Amino acid sequence: MNPAPAHFQNHLPRHVITGRGAALSLAELCRSHGWKRIFIVSDAGVSGAGLLEKVATPLKAAQLLADTFAEVPPEPPIDVVDTIAGRITACGADAVIALGGGSVMDAAKVAALCALHGENAREFVGIGKAGGRGLPTLLIPTTAGTGSEATFVAILTEPATGNKVGVVDPCILADIAIVDPALTDGLPAHVTASAGMDALVHAIEAFIAKVATPLARGLALEAARRIGRALEIVCREPHNTAARDDMAIGSHLAGMAFANSSCCAVHALALPFGGRFHIPHGVITGCFAGEMMRHNAPACAEDFAAFSMALGWGAMSGEAFAAKLDALAKSIGLRAQLHKTTVPAEAIAAMARDAVAIRRLMDPNPREVTEAVAARIYLAVLSVVP
Ligand SMILES: [Fe+2]
């Protein structure tokens with residue numbers, strides 16, 4: 001176990017509401033904050049599933065809905081954020097609701113900042129560049145995985161290069177986060193599996209990171225308790241509402257955990273690979289987790305025993321923990337999803353170099369990851385062709 005830093009800070013959303021149906025009656029809540037013109041950010045999938053209408057209709061009836069943008073694409077290009085901010089400004093909105101997965105929430109967090117400050121999104125890329133809070137935000141996840149409603153990170157894509165860029169600042173934390181597990185009831189099985197496994201990886205990495213605060217470690221263990229008892233069940237039984245509830249709350253707690261700690265080397269390996277091959281983020285992190293924890297094991301014996309206990313797996317050795325993560329990625333179908341894509345051998349060295357260069361994720365990792373280690377893990381996990 002890494003000793004907690006002598007001084008630490010924790011950042012959390014200002015107000016968190018959880019419960020089935022919590023997202024369906026927002027008019028009173030918005031009025032109580034003095035918000036009179038609400039802008040909703042969402043995407044085609046959420047809209048197509050009928051969730052946007054459910055959230056928007058009561059706001060419209062209460063004459064609080066100013067406008068809606070429901071076209072956020074996956075891995076949102078940074079220019080989309082400027083488009084959204086322009087729409088927010090044009091309709092005179094005074095608060096922003098995000099209804100969707102990580103892409104929607106990330107785009108909305110930065111758009112709320114741009115709209116209030118009158119700047120382009122690129123001005124805020126980097127760490128601590130916000131210069132104050134943006135318009136108030138109410139973030140509502142519709143998947144159980146990203147934890148974006150609990151974090152102060154927004155990941156966007158620079159379209160010219162395809163590179164991921166981050167806006168990282170406590171000023172983009174939600175004013176209100178609403179975790180309504182009912183919104184996840186209709187998620188397809190492959191999304192349930194990949195998002196759920198990503199939440200598990202967030203909890204593991206938040207727990208073992210060198211920079212973990214005591215609060216983050218406690219949140220990560222409670223996330224593990226819920227995800228451990230629910231993930232395989234919810235993948236098998238999508239209508240099991242108790243398991244859906246556990247996954248929604250667990251992924252939210254895991255988001256809070258890594259916001260007050262860090263993600264580590266699994267996420268560093270995922271970024272250059274995900275940038276080159278468009279595979280769902282949770283498929284990637286879920287499949288790399290076992291091999292990376294095998295590498296981390298010499299530095300994490302005590303932590304892995306405590307974490308696997310919380311998951312309900314008993315106090316495991318590093319090797320047993322890594323093997324169980326591998327087996328889980330296989331049993332919920334992530335391996336099969338990953339191996340639909342083949343990776344040319346010549347891409348490995350460049351990805352390993354890029355991964356090791358992501359110091360904000362590599363430095364907190366409990367054991368050093370060299371380019372050789374990163375390349376070995378890519379080769380061990382991916383379907384590599386000459
Ligand atoms: Fe992740």
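Use the structure listed above.
The structure displayed is predicted, hence computed values, not measured ones.

(A) Structural detail: the overall build of the protein chain. When helices and strands are counted, the protein chain shows 16 helices and 11 strands. In terms of overall size, the protein chain behaves like a compact globule, its C-alpha atoms giving a radius of gyration of 20 Å where 386 residues would be expected to give roughly 21 Å. Expressed as a percentage of its 386 residues, the buried residues of the protein chain come to 57%. Looking at the protein chain alone, contacts between residues at least 24 apart form 79% of all its contacts between residues at least 6 apart. When the accessible surface of the protein chain is summed, it comes to about 14600 Å², and 56% of that surface belongs to carbon and sulfur atoms. A gap of 2 Å separates the mean positions of the 31 positive and 35 negative side-chain charges of the protein chain.

(B) Just the side chain of Asp169, in detail. Along the chain, Asp169 turns up in the loop between β8 (164–168) and β9 (176–179). Among buried charged residues, Asp169 stands out as having no salt bridge; its nearest opposite-charge side chain is Arg133, 7.8 Å away. Asp169 has contacts with Gly128, Lys129, Ala130, Gly131 and Phe152, leaving out every residue within four places of it along the chain.

(C) Here's a closer look at the coordination of the iron ion. Those donors, Asp198 (OD), Asp198 (OD), His202 (NE2), His267 (NE2) and His281 (NE2), are the protein atoms that reach the iron ion, and they lie 2.2 to 2.6 Å from it. Each donor residue of the iron ion belongs to the same chain, and together they define the spacing D-x3-H-x64-H-x13-H. Of this pair, Asp198 sits in helix α6 (residues 189–208) while His281 sits in helix α10 (residues 281–296); the two residues are 83 residues apart in sequence, bridging distant segments of the chain. A relative accessible area of 33% means that His281 is categorised as partly exposed.

(D) Structural detail: α6. Under the 1.5 Å per step criterion, the end-to-end length of α6 is 29 Å for 20 residues, consistent within 8% with the ideal 28 Å. The buried count for α6 comes to 17 of 20 residues, which makes it a mostly enclosed element.

(E) Just the pattern of salt bridges, in detail. Overall, the coordinates contain 23 salt bridges when judged by the stated rule. Across the pair Asp106 and Lys109 runs a salt bridge, and its minimum N-O distance is 3.8 Å. Taken together, the residues span about one helical turn, with Asp106 and Lys109 both in helix α5 (residues 102–117) at a distance of three residues. Since its relative accessible area comes to 8%, Asp106 is described here as buried. Measuring nitrogen to oxygen at the nearest pair gives 2.9 Å for the salt bridge that ties Arg294 to Glu291. Taken together, the positions of Arg294 and Glu291, both in helix α10 and three residues apart, correspond to about one turn of that helix. In this structure, a network of salt bridges that share partners links the residues Glu291, Arg294, Glu319, Asp326, Arg335 and Arg376.

(F) View of the sheet that holds strand β5 (residues 126–127). Read from one edge to the other, the open sheet built from three strands follows the order β5-β8-β7, with strand pairing classed as mixed. Single-partner strands in this sheet number two, and they are β5 and β7 (153–157). Most of the contacts of α5 go to β7, to which it runs at about 100°, and overall it touches β7 and β8.

(G) Molecular detail of the sheet that holds strand β1 (residues 15–18). Ordered by their spatial adjacency, six strands build an open sheet running β1-β9-β6-β4-β2-β3, and the pairing between neighbours is parallel. Edge positions in the sheet fall to β1 and β3 (65–69), since each of these pairs with one other strand and no more. With direction set aside, neighbouring strand axes in the sheet form an average angle of 15°. Set on the sheet, helix α8 (residues 241–259) makes contact with β1 and β9; between it and β9 the angle comes to about 150°.

(H) Inspection of the environment of Ala224 at higher detail. On the secondary structure map, Ala224 appears in helix α7 (residues 214–236). With 79 residues separating them in the primary sequence, Ala224 and Asp303 have C-alpha atoms 12 Å apart. Apart from residues lying up to four places away in sequence, Ala224 is in contact with Phe307, Ala310 and Leu311.

(I) Structural context of the packing of α10 against helix α12 (residues 318–331). Here α10 crosses α12 at 170°, and the two axes come no closer than 8 Å. Our classification of the angle between α10 and α12 gives roughly antiparallel. As α10 runs across α12, the sense of the crossing is left-handed. Of α12, the residues touching α10 (which contributes Gly286, Cys287, Ala289, Gly290, Glu291, Met293 and Arg294) are Glu319, Phe321, Ala322, Ala323, Leu325, Asp326 and Ala329.

(J) Layout of the nonpolar core. Counting residues in each nonpolar core, the largest one holds 81 residues, and the members touching the most others are Phe273, Phe288, Phe307, Phe321 and Tyr378. If sequence neighbours within four positions are ignored, Phe288 has contacts with Val266, Leu269, Phe273, Ile377, Tyr378, Val381 and Leu382.

(K) Region of interest: the packing of aromatic side chains. Taken as a whole and judged by the stated rule, the model has seven aromatic pairs. Between Phe304 and Phe321, the ring centres sit 4.7 Å apart and the planes meet at 40°, which makes this aromatic pair tilted. On the criterion of sequence distance, the pair formed by Phe304 in helix α11 (residues 301–311) and Phe321 in helix α12 is long-range, its members being 17 residues apart. For Phe321, a relative accessible area of 0% gives the class buried. Pairing Phe307 with Phe321 gives two aromatic rings, centres 6.2 Å apart and planes at 70°, and the pair type is edge-to-face. Of the two residues, Phe307 sits in helix α11 while Phe321 sits in helix α12, which places them 14 residues apart along the sequence. Like Phe307, the residue Phe321 is buried in the burial classification. These aromatic residues form a ring-pair network of at least three members: Phe207, Phe304, Phe307, Trp313 and Phe321. A cation sits over an aromatic face here: Arg217 above Phe207, 4.1 Å from the ring centre.

So, how was this worked out
- Residues numbered from 1 in each chain as written.
- Predicted model: local features only at pLDDT ≥ 70, side-chain atom pairs only at ≥ 80, totals over all residues.
- Heavy atoms only, no water.
- Helix = DSSP H or I, 4+ residues; strand = E, 2+ residues; numbered from the N terminus.
- Rg over C-alpha atoms; globule rule 2.2 N^0.38 Å.
- Buried < 20%, exposed > 50% of the residue type's maximum accessible area, 1.4 Å probe, protein only.
- Contact = heavy atoms within 4.5 Å.
- Areas by Shrake-Rupley, 256 points an atom, 1.4 Å probe, with all protein chains shown as cover.
- Lys, Arg positive; Asp, Glu negative; His and termini not counted.
- Charge placed at Lys NZ, Arg CZ, Asp CG, Glu CD.
- Salt bridge = Lys/Arg side-chain N within 4 Å of Asp/Glu carboxyl O.
- Donors = N, O, S within 2.8 Å, 3.2 Å for Na, K, Ca; no water.
- Expected span 1.5 Å × (residues − 1).
- Pairing = 2+ DSSP bridges.
- Axes fitted to C-alpha atoms, helices over the stretch in contact; angles between N-to-C directions.
- Parallel < 35°, antiparallel > 145°, perpendicular 65-115°, else oblique.
- Left-handed = near helix turned anticlockwise from the far one by under 90°.
- Core = buried A, V, L, I, M, F, W, Y, C linked by side-chain atoms within 4.5 Å.
- Phe/Tyr/Trp six-rings, centres within 6.5 Å; stacked < 30°, edge-to-face > 60°.
- Lys NZ or Arg CZ within 6 Å of the ring centre and 35° of its normal.

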